[in-house]
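Commentary on secondary and tertiary structure
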Amino acid sequence: MACCSIELSLTNLILLGALYFIVKKAINFFQRWQIEKMLEKWDEAPKDKLILHTVWRCKTLPSISPYAMKLETYLRMANIPYELDTKDSMGPKGKLPWITYKGVHVADSQLIIQFLNKKLGISLNKNRAKEQLATARACRIMLEDHFMWGIVQYRWIENATTIGTLMKIPSIFKLLIPFRSNQIKQKMVDQGIGKHTPTEIYQMTEADLHTVSDALGSKKFFGGEEPCEDDCAIFGGVAQALWGMPGSSFERLCSGELKNLKEYCERMKERYWQDWEDCLDKS
Ligand SMILES: N[C@@H](CCC(=O)N[C@@H](CS)C(=O)NCC(=O)O)C(=O)O
C-alpha cells in the first residue's frame, strides 16, 4: 500500500512536471507570436519617420526609464526627429526602449545608438579627448549596469506601491505591481545584488554617484566643454536620481553634497530639453 502511494505521488509529480513544461512552452510560443504580430504591424510604419517605442511620460521627468531618457537625449543631441509610441513599449527583446526606422526594428539603447551612428554618419565624439571618452564610457556602464539596481531597489522593491505617483498607470497594471515587484526581487537575487541587504545595496549604488561626481569634477560635460555621446546615458541615469526618485537618498545626494551632478543635469536639460515641461505627464 505504502509502495503504491509512493508510485502514485511519483506519477503525479511526473505529470505535474510535464504540465509545467507544456504550459511554459505554450506561454513562450504565445509571447513570440505576439511579438512577431506586433513587429509585422510596425513594418508598415512610414519609412521617413523614426519611431521611439517607450514607456508613458512621467510626472517629474520625461521618462522613468534611464535607457529611454538616454536614447531620447541622444536623438536630440544628434538632431534626429522622432515620434513616440507608448502602446507597444516592449520590443523584440522584451525590453524598452526600441525603435522602428525605415522598416528596421532595433532594440537596446546602446545598439540603437550604434545603428543610427552608422546609418546616418553621426559622431558625437569627434575631437574629444580619449581619456575623457574612456571615463565617460566607464561611468555610463557603471550607471547602466550597477547603479540601476539602486533605482530598482528604491522604486520596485521598497516603494512599488507609490510608483503611480510618478506615472499614470492603468488600473489593470496597478493590480500587477506586487507580482512584478516579486519577479524583480527574484531577478535581483539571480543577478547577485539581491543577496545584499537594502542598506548595502544603497551604500554600493550611492558610491556610484560619488564616483560619477568625482569623474565630472568641474567639467561642464563628460566630453569637456561640449557633451560627448555617453553624456546622454550619464544624464539619463543621474536624472533618475535627481528627479525620478523623490525622497530618496539619491535625490538628497545630488541636490546636496554632489551638487555638480545637479548642475550638470540642469545644463543638459537646458541644452536638449527646452520643452521639458511639455514632456511631463500633467494629468
Ligand atoms: N540594455 C538595455 C536595458 C533596457 C532595460 O532594462 N529596460 C527596462 C526598463 S528601464 C525594461 O524594459 N525592463 C523590463 C524587464 O527587464 O523585464 C538598454 O540599454 O536598452
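These figures come from a predicted structure and were not determined experimentally.

Turning next to the UniProt feature "domain: Metaxin glutathione S-transferase" (unreviewed entry) in the protein. The UniProt entry lists residues 206–268 under the feature "domain: Metaxin glutathione S-transferase" (unreviewed entry), expressed in the numbering used here. Taken end to end, residues 206–268 is 65% helix and 0% strand, and its first and last C-alpha atoms sit 21 Å apart.

Around the ligand, the structure places Ser 65, Tyr 67, Gly 94, Lys 95, Leu 96, Asp 108, Ser 109 and Gln 110. Residue composition of the shell around the ligand, grouped by class: 2 nonpolar, 4 polar and 2 charged.

The subject of this paragraph is the packing of helix α2 (residues 66–77) against helix α3 (residues 109–120). Running from amino to carboxyl end, α2 crosses α3 at an angle of 15°, the nearest separation of the two axes being 9 Å. The orientation of α2 with respect to α3, classified from their angle, is roughly parallel. Crossing of α2 over α3 shows right-handed handedness. Packed against α2, whose contacting residues are Tyr 67, Lys 70, Leu 71 and Tyr 74, the element α3 presents Ser 109, Ile 112 and Ile 113 at the interface. Of the residues that constitute the contact of α2 with α3, the class distribution is 5 nonpolar, 1 polar and 1 charged.

This brings us to α2. In a regular helix each residue adds 1.5 Å, so 12 residues correspond to 16 Å; α2 covers 16 Å between its end C-alpha atoms and thus fits that length. In terms of burial, α2 is largely enclosed, as 11 of its 12 residues are buried. In this fold, the buried residues of α2 make contact with β1 (50–53), α3, α4 (130–158), α7 (231–243) and α9 (259–272). Just past α2, the residue Asn 79 takes up positive phi, approximately 55°.

Let us now look at the nonpolar core. With 52 residues, the main nonpolar core has Val 212, Ile 234, Val 238, Ala 239, Cys 254, Leu 261 and Cys 265 as its most contacted residues. Contributions of two or more residues to this core are made by α2, β3 (98–101), α3, α4, α6 (198–216), α7, α8 (249–255) and α9. Setting aside residues no more than four positions away along its own chain, Ala 239 makes contact with Leu 61, Met 69, Gly 244 and Cys 265.

Taken together, the 4 strands give an open sheet; going across it, the order is β2-β1-β3-β4, and neighbouring strands pair in mixed fashion. Here the strands that pair on one side only, and so sit at the sheet edges, are β2 (83–85) and β4 (104–107). If you compare each strand with its neighbour and ignore which way they point, the axes differ by 25° on average. Looking at chain direction, β1 and β3 are connected through 4 bridges and run antiparallel. Counterpart to His 53 in the pairing with β3 is Trp 98.

This part takes up the pairing of β4. The pairing of β3 with β4 spans 4 bridges and is antiparallel. Across the sheet, Tyr 101 pairs through a bridge with Val 104, a residue of β4. Connecting β3 to the antiparallel partner β4 that follows it, the hairpin turn spans 2 residues, and Lys 102 within it adopts a positive phi of roughly 50°.

Calculation notes
Residues numbered from 1 in each chain as written. Predicted model: local features only at pLDDT ≥ 70, side-chain atom pairs only at ≥ 80, totals over all residues. UniProt positions renumbered as here; feature names shortened; annotations may be inferred. Helix = DSSP H or I, 4+ residues; strand = E, 2+ residues; numbered from the N terminus. Near = placed C-beta within 6 Å. Nonpolar A, V, L, I, M, F, W, Y, C, P; charged D, E, K, R; others polar. Axes fitted to C-alpha atoms, helices over the stretch in contact; angles between N-to-C directions. Parallel < 35°, antiparallel > 145°, perpendicular 65-115°, else oblique. Left-handed = near helix turned anticlockwise from the far one by under 90°. Contact = placed C-beta atoms within 7 Å. Expected span 1.5 Å × (residues − 1). Buried ≥ 20, exposed ≤ 12 C-beta atoms within 10 Å, placed from the backbone. Core = buried A, V, L, I, M, F, W, Y, C linked by C-beta atoms within 7 Å. Pairing = 2+ DSSP bridges.

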